[in-house]
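Architecture at a glance
Chain by chain, the residues run as shown.
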Amino acid sequence: MTDNFIRDFSQTKAMFHLPDDMIYLDGNSLGPLPKAAAARINDCVTREWGEMVITGWNRAGWMAQPTTYADRIGRLIGAEPGHCVLGDTLSVKVFQALAAALDLVPDRKVILTDSGNFPSDIYMAEGLIKSLDRGYELKIVPPEDVADHINNDLAVLMLTQVDYRTGRLHDMPALTAAAHDAGALAIWDLAHSAGALAVDVASGGADFAVGCTYKYLNGGPGAPAFIYVAPRHIDRCQPALSGWLGHAAPFAFEPGYRPGTGIERMRVGTPPVLQLAALDASLDIWDRVDLEDIRTASIALTQQFIDGVEAACPMLTLASPRDPAERGSQVSFRFADGYAAMQACIAHGVVGDFRAPDIMRFGFTPLFIDADDVTKAVAIISRVMQDKLWDAPAFRQKAAVT
Ligand SMILES: *Cc1c(COP(=O)(O)O)cnc(C)c1O
């Protein structure tokens, strides 16, 4: 069988602008710039916005982009075509998914998540519970205990598939099946999965899925989030964020809200057109890769990194699962002075990031990181750690974004 996928990732690496003298192990947090993005954005600004002005909504197809581009992401997460839409930020999409899911299970009050979930997901759930004021309970349990807390009280299981700190990977199909057996629904946050590994929301049974496009998907800072709603639910979903572009007839300007057809109803307001242009350039690359190839390469890179760092840096403790089948595409190490150590790594040309309280996090993105990069990164990190290059006041100065 032949397909048009790029199998040699040196070709995709050449499609990114990567700063000189920097090994970028942070594509899990903010993907780098696809070289084609600058021209694509410039075209959107000068030819579309500049010359078409308001006619761009129709003539340049701006209004359709949140669904057409979302379908390209849909392929990466195993969604049925026509069941994803882009817009807003991930925090907003979490709120939207949870509100819709709770509405579909009206007689139950428990929302279950785990302590490894990203704080914003938990904060949004807290805010929604407060505004609904119907006695919902948010249960937060350790990640390894989630399965034990799925029972017949559960309304919604809300999890992030890959833990942002440790990279621990939840078994999405198994936990979703358990939630369904208990009569509950499952929402999956794919922030650290989409573009990192092959996800299959349709066959995995996810009721809702959400994710962002500025991490592995390289859509750029401020790129919109996506939401997936399973076909069996979409026509019964009542959007809590009932904005005009999710209305059945936005340009009828009716006084009351009527939800739009299918996934259209999960739109809220005006699409971020310039951000979508950047995302389009990135998706031109993603359209040409197979997630199975990405996963194979990612496992090789993370394994090489763990072996190299562990051999040279006994002061670092692996915080990620050792079994590649149980981790996403990042590797984290614990170190008491992790913040300073990461600042020193960055100063010496290896960019990862720090997550409180003591996690040094490195992301592996086969589209533009190869084995040679990992070899070099391991050598630099080893020198920073062995020679205590991090032990300087300048590296302890905390910046606003860590
Ligand atoms: C990155 C991330 C977010 C960020 O949300 P934004 O609204 O896009 O800032 C939320 N949840 C998870 C799980 C994340 O990893």
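The structure we're discussing is the one just above.
**Some words on the sheet that holds strand β11 (residues 317–318)**
The strand order across the open sheet built from four strands is β11-β12-β15-β14, with neighbouring strands paired in antiparallel fashion. Each edge of the sheet is formed by a strand with only one pairing partner; in this case those strands are β11 and β14 (353–355). As paired elements, β14 and strand β15 (residues 359–363) share three bridges and run antiparallel to each other. If you follow Arg355 over to β15, its bridge partner there is Ile359.

**Digging into the site of the ligand**
In the vicinity of the ligand, the contacting residues are Thr89, Leu90, Ser91, Phe118, Asp121, Thr160, Asp189, Ala191, His192, Tyr214 and Lys215. Between the ligand and Tyr214, the relevant distance is 2.7 Å, taken from an oxygen atom to a side-chain nitrogen or oxygen of the residue. A distance of 2.5 Å is found between an oxygen atom of the ligand and a side-chain nitrogen or oxygen belonging to Lys215. In the complex, the protein chains occlude 86% of the 390 Å² of accessible area that the ligand would expose alone.

**A closer look at the side chain of His192**
On the secondary structure map, His192 appears in the loop between β8 (185–189) and α8 (201–204). With a relative accessible area of 3%, His192 lands in the buried category.

**Things to note about the pairing of β8**
Taken across its five residues, β8 has five buried, putting it largely inside the fold. Across the two faces of β8 the burial is the same, with Leu185, Ile187 and Asp189 and Ala186 and Trp188 all buried. Two elements, strand β7 (residues 154–160) and β8, share five bridges in a ladder whose sense is parallel. Across the sheet, Val156 pairs through a bridge with Leu185, a residue of β8. One crossover worth recording links β7 to the parallel β8 by way of helix α7 (residues 172–181), and it is right-handed. Here three bridges tie β8 to strand β9 (residues 208–212), and the two strands are oriented parallel to one another. In the strand pairing of β9, Trp188 is matched with Ala209.

**Some points on the nonpolar core**
With 86 residues, the main nonpolar core has Ile77, Val201, Phe305 and Phe362 as its most contacted residues. The contacts of Ile77, once residues within four sequence positions are left out, are Cys84, Leu190, Ala194, Val199, Asp200, Val201, Phe226 and Tyr228.

**Concerning the pattern of salt bridges**
In the structure shown here, the tally under the stated rule is 25 salt bridges. Two residues, Arg40 and Glu48, come together in a salt bridge whose shortest N-O distance is 4.0 Å. Using a relative accessible area of 17% as the deciding quantity, one classes Arg40 as buried. When salt bridges with common partners are traced through the structure, they connect Arg40, Asp43, Arg47, Glu48, Arg72, Asp280, Asp284 and Asp287 into a single cluster.

**Regarding the sheet that holds β9**
One key point about sheets: their strands pair by backbone hydrogen bonds, in either a parallel or an antiparallel sense. Spatial ordering of the open sheet is given by β4-β10-β9-β8-β7-β5-β6, a layout of seven strands whose pairing is mixed. Where the open sheet ends on each side, the last strands, each with one partner, are β4 (84–87) and β6 (137–141). This sheet shows a mean twist of 20° between the axes of neighbouring strands, independent of strand direction. Bridge count for strand β5 (residues 110–114) against β7 is three bridges, and the pairing is parallel. Bridged to Leu112 within β7 is Leu157. Of the strands in this sheet, β4, β5, β7, β8, β9 and β10 (225–229) touch helix α5 (residues 90–104), which is tilted by about 175° from β9. Here helix α6 (residues 119–132) sits on the sheet and contacts β5, β6, β7 and β8; the angle it forms with β6, its principal contact strand, is near 160°.

Conventions and cut-offs
Throughout, residues of each chain are indexed from 1 in the direction in which the sequence is written. Only residues with pLDDT of at least 70 are given local features in this predicted model, and only at 80 or more are side-chain atom pairs given and counted; all residues enter the totals for whole chains, interfaces and linings. Values reported for side chains reflect all heavy atoms of the structure, with hydrogen atoms and water molecules removed beforehand. Between any two strands, at least two bridges found by DSSP are needed for them to pair. Here a strand is any run of E in DSSP of at least two residues, a helix any run of H or I of at least four, and the numbering for each starts at the N terminus. Being near a molecule or strand, for a residue, comes down to having at least one heavy atom within 4 Å of it. Nitrogen and oxygen atoms within 3.5 Å of one another constitute a polar contact, given that in protein one can donate a hydrogen and the other can accept it, and given that sequence-neighbouring residues count only through two side-chain atoms. All accessible-area figures derive from a Shrake-Rupley calculation using a 1.4 Å probe, and residue coverage is judged against the displayed protein chains alone. Exposed residues in this analysis have more than 50% of their type's maximum accessible area, buried residues have under 20%, and partly exposed residues fall in between, with area computed by a 1.4 Å probe over protein chains only. For a crossover, the right-handed case is the one in which the path from the first strand over the helix to the second runs clockwise, viewed with the strands pointing away from the viewer. The definition of a nonpolar core used throughout is a set of buried Ala, Val, Leu, Ile, Met, Phe, Trp, Tyr and Cys residues joined through side-chain atoms within 4.5 Å. Residues are treated as being in contact if the distance between any of their heavy atoms lies within 4.5 Å. The working definition used for a salt bridge is a side-chain nitrogen of Lys or Arg within 4 Å of a carboxyl oxygen of Asp or Glu. Interaxial angle, 0 to 180 degrees, is taken between N-to-C directions of lines fitted to C-alpha atoms, where a helix line uses only the stretch in contact.

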